[in-house]
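Observations on the model geometry
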Amino acid sequence: MEFLNAFVALSNFVLVPAIAYGSQLALGALGVTLIYGILRFSNFAHGDTMAFGAMCTILVTWLLQGWGVSLGPLPTALLALPFGILGAAALVLVTDRAVYRFYRAQKVKPVILVIVSMGVMFIYNGLTRFIIGPDDQRFADGERFIISARDFKSMTGLDEGLAIKTSQGITVITAVITVALLFWFLNRTRTGKSMRAYSDNEDLALLSGINPERVVMYTWLIVAALATIAGTLYGLDKSFKPFTYFQLLLPIFAAAIVGGLGSPLGAIAGGFVIAFSEVTITYAWKKVVTYLMPEALEPDGLLQLLGTDYKFAVSFVILVIVLLFRPTGLFKGKSV
Amino acid sequence: MKKFLSATAMYAVLASAAFAGSHSETVKIGVMMAFTGPLESLAPPIAAGAELALNEVNEAGGILDGKMLEAVRGDGTCTDAAAATAAAERLITSDGIAGLVGAMCSGTTGAVLTNVAVPNGILQISPSATSPGLSDQEDNGLFFRLAPSDARQGEVMAEIIRERGFSEVAVTYTNNDYGAGLAGSFQAAFEAAGGTITLSASHEDGKADYSAEVGSLASAGGEALVVVGYVDQGGSGIIQNALDTGAFDTFVLPDGMVGTILEENFGSDIDGSFGQNPSAENERGDDYIAMAEAAGFDGTSVYAKEGYDSMALMLLAMSAAGSTNGAEAASKVMELANAPGEKIYAGELGKALEIIANGGDIDYVGASAVELIEPGEASGGYMEVEMKDGKLMQIGFR
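Residues numbered from 1 in each chain as written. Chains lettered and ligands numbered in written order. Predicted model: local features only at pLDDT ≥ 70, side-chain atom pairs only at ≥ 80, totals over all residues.

**Describing the overall build of chain B**
When you go through chain B residue by residue, the secondary structure sums to 13 helices and 16 strands. The dimensions of chain B, computed from C-alpha atoms along their principal axes, are 65 × 60 × 40 Å. Residue burial in chain B is summarised as follows: out of 398 residues, 56% are buried. Summarising the internal contacts of chain B: among those between residues at least 6 apart in sequence, 70% fall at separations of at least 24. (Helix = DSSP H or I, 4+ residues; strand = E, 2+ residues; numbered from the N terminus. Buried ≥ 20, exposed ≤ 12 C-beta atoms within 10 Å, placed from the backbone. Contact = placed C-beta atoms within 7 Å.)

**Considering the overall build of chain A**
A tally of regular secondary structure across chain A gives 13 helices and 2 strands. For 336 residues, the compact-globule estimate of 2.2 N^0.38 gives 20 Å, and the C-alpha radius of gyration of chain A, at 21 Å, lies within 12% of that figure. When its C-alpha atoms are laid out on the principal axes, chain A stretches across 70 × 55 × 35 Å. Scored against the burial criterion, the 336 residues of chain A give a buried share of 46%. (Rg over C-alpha atoms; globule rule 2.2 N^0.38 Å.)

**As for the sheet that holds strand 16 (residues 391–397) of chain B**
Backbone-to-backbone hydrogen bonds join strands into a sheet, with any given pair of strands oriented parallel or antiparallel. Residues and elements named next belong to chain B. The strand order 7-6-8-9-10-15-16 describes an open sheet built from 7 strands, whose pairing is mixed. Two strands close off the open sheet at either side, each with one partner strand: strand 7 (196–203) and strand 16. Direction aside, the axes of adjacent strands within the sheet are offset by 25° on average. In terms of strand pairing, strand 10 (residues 274–278) meets strand 15 (residues 382–388) through 5 bridges, oriented antiparallel. Each residue of the ladder has a partner; that of F274, found in strand 15, is E386. Each of strand 6 (168–174), strand 7 and strand 8 (224–228) is contacted by helix 6 (residues 177–192), which is oriented at about 165° to strand 6, the strand it contacts most. With respect to the sheet, helix 7 (residues 211–220) is in contact with strand 6, strand 7 and strand 8, its orientation differing from that of strand 7 by roughly 175°. (Pairing = 2+ DSSP bridges. Axes fitted to C-alpha atoms, helices over the stretch in contact; angles between N-to-C directions.)

**Some remarks on the packing of helix 11 (residues 264–282) of chain A against helix 13 (residues 311–325) of chain A**
All names here are of chain A. In contact at an axis separation of 9 Å, helix 11 and helix 13 are set at 130° when each is read in the N-to-C sense. Judged by the angle between their axes, helix 11 and helix 13 are oblique. Where helix 11 crosses over helix 13, the two elements pack in a sense that is right-handed. Judged by residue contacts, I274, S277, E278, I281 and T282 of helix 11 engage K311, V314, S315 and I318 from helix 13. Here the contact of helix 11 with helix 13 is built from residues that sort into 4 nonpolar, 3 polar and 2 charged. (Parallel < 35°, antiparallel > 145°, perpendicular 65-115°, else oblique. Left-handed = near helix turned anticlockwise from the far one by under 90°. Nonpolar A, V, L, I, M, F, W, Y, C, P; charged D, E, K, R; others polar.)

**Some details on the interface of chain B and chain A**
Listed by partner, the interface residues are 16 residues for chain B and 24 residues for chain A. When the residues that make up the side of chain B that touches chain A are grouped by side-chain class, the tally is 5 nonpolar, 7 polar and 4 charged.

**What about the nonpolar core?**
Residue and element names in this part refer to chain B. Ranked by size, the top nonpolar core spans 221 residues in total, and within it L313 and A317 carry the most contacts. Split by domain, the residues of this core number at least three in each of domain 1 (2–149 + 283–378) and domain 2 (150–278 + 382–397). Setting aside residues no more than four positions away along its own chain, A317 makes contact with L123, A329, K332, V333 and L336. (Core = buried A, V, L, I, M, F, W, Y, C linked by C-beta atoms within 7 Å. Domains from an automatic or database assignment.)

**Here's the deal with the domain arrangement of chain B**
Residues and elements named next belong to chain B. The domains assigned to chain B are domain 1 (2–149 + 283–378) and domain 2 (150–278 + 382–397). Once you take the C-alpha centre of each, domain 1 and domain 2 turn out to be 30 Å apart. With 19 residues of domain 1 at the contact, the number on the domain 2 side is 22 residues. In terms of residue class, the side of domain 1 that touches domain 2 is built from 9 nonpolar, 9 polar and 1 charged.

**Section: the environment of D151(A)**
Residues and elements named next belong to chain A. For D151, the position within the fold is in helix 5 (residues 149–156). Classification of D151 by C-beta neighbours within 10 Å gives partly exposed; the count is 15. The spacing of D151 and T244 is 93 residues in sequence and 32 Å in space, taken between C-alpha atoms.

**Description of the pairing of strand 8 of chain B**
Residues and elements named next belong to chain B. With respect to burial, strand 8 is a largely interior element, 5 of its 5 residues being buried. Pairing between strand 6 and strand 8: 5 bridges, direction parallel. Following the sheet pairing, A170 is matched in strand 8 by L225. Two elements, strand 8 and strand 9 (residues 251–253), share 2 bridges in a ladder whose sense is parallel. The partner of L225 across the bridge, within strand 9, is F251. Chirality of the crossover, the property in question, places the unit of strand 8, helix 8 (residues 234–244) and strand 9 among those that are right-handed. (Right-handed = clockwise from strand over helix to strand, strands pointing away.)

Encoded structure:
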């Protein structure tokens, strides 16, 4: 019983939130890593692409809600997601035409593209705020919980409750489907293979007749889809506020680098590593340990390694450690 | 370009005409509230209260031999001292205000007082700034507030919690002057009364996710969670997350958290949660609520009564002093607000002006039962509130 209580408390405050957060980071990091692998620069505008895609989804969600369309227990935002992806895709393709293509034609160094992407980031930043404003937006509807803490307690008779939000469930399921589709696309389709070829060796790919502009366009389309899905899931699960997406940039990059830039598998692993470290290091373990220990050994302190204020510092530290000791990341990506 | 030039030229002419006008016929009063920021949902009723008092005085014939009054709004934000200072500066230099009602939050109020009100020598009355630090701030006697210091609120909150039989609570506070000040005074009072604080942790406003904060608070445990925060900001985020994870279901809500938006966001999910906001018992308090309803706003909203009283007191002080000069008007505030004299309730400003014009003495009670103590702050009556069936109910005064 004590053990079960400990496990439920741990799931409620650590496992469930970290898995949902990890999935969101993984989807974000996949986008970053694809850009890095194929277009060969770190795209700082990725967080704000997420915000823009999520914003398009929200606007369509409101429209659908206004028409009285709903998905029953599921959030209407899922229905609006394809439209959000279209919006984000249009935005990144226009940006690529207007900005990145110019620099690509000149074969500039990656660091210049990084700075360019920063400029793009500020423009997206302003665009999102201009359209939807800087405030929190609520757009979630449908059933709030798969299982709520109160129901769980009365069902099992345990002291601890376990809450799983619908948004958390949807996040994990959507992430699994998206990742499966992406891997199928990269490994099985002609376009996917040409993208990987272009990523591995640009010159050889060009010699074998792969059209670089096509590869670039597909990359942006996939990145727009990933960013919108990640952004919408994060907004559903937490809340939509343009500024938080800017802050997400750090853990997303940390995830991509920890996993190995350019390696899709690494991005997913990195997302979960970062999410679990952030949550476990700032979690106060007192409650869990109290259940497991005999009464005499119960801890007085909170058993918290770092205050919650330092959450973002955790991803920084992991980033530094990985760059120092294994610059190519866990899955042998490209070194930074 | 030509059009632009002529438009700006026209505007300059109009603006200077308006500026010249402001010095002859009307007296302008600044109303600076946090119209944007973490308390934006509380600001409109306070500003509306202030303007209600101003209109009432206008209807009674104005002040200083029939000069009409005009309110000019400024955005004090709540957290951005630089923006508030700039807005106050603008109110003085371009609008030519003679007095300032505001700002709303403690940090911005202090900044405006030091940087604008004192150097320009104008009277400033805040309806709602509660930080204990403002009591000691250098103000040349120009600053008053109708909200009590949080040192007092901490004691009252500790008392209420103890009386309800809670002995162990966790505290989370918003990481600024208001949050840290109130959390500190509460902790001292609660521990002195024999209670235990399991954890007092800060939270940052404006985050999307408070699961880490709630996780550590839940781990520390406690029978209730004291949320010293803002209802439009992290405070609501913390409550939402604590409810979602089942970490706490009773919350203690100090003044920044008491707002009808709680009913909208949480409804009966937080039944049994309780709190307090500054407001003294007033035998004729309903007068004001009816007046506010007629004017189209909610007079029971936090500090809406104080908004009316701040403006009323400022205008009465100016007419008692016979001048809009800050120091002269400020010297009258205390004697008007306190006994002896004829009691003046909300809606009786015309009568008060008459008494003052005839050389009589008044005791301004107003909407919020104003009683000022040195150094120019409310003595500290609190209204106890509780969530019942998804509604925020008043249950008593202390």
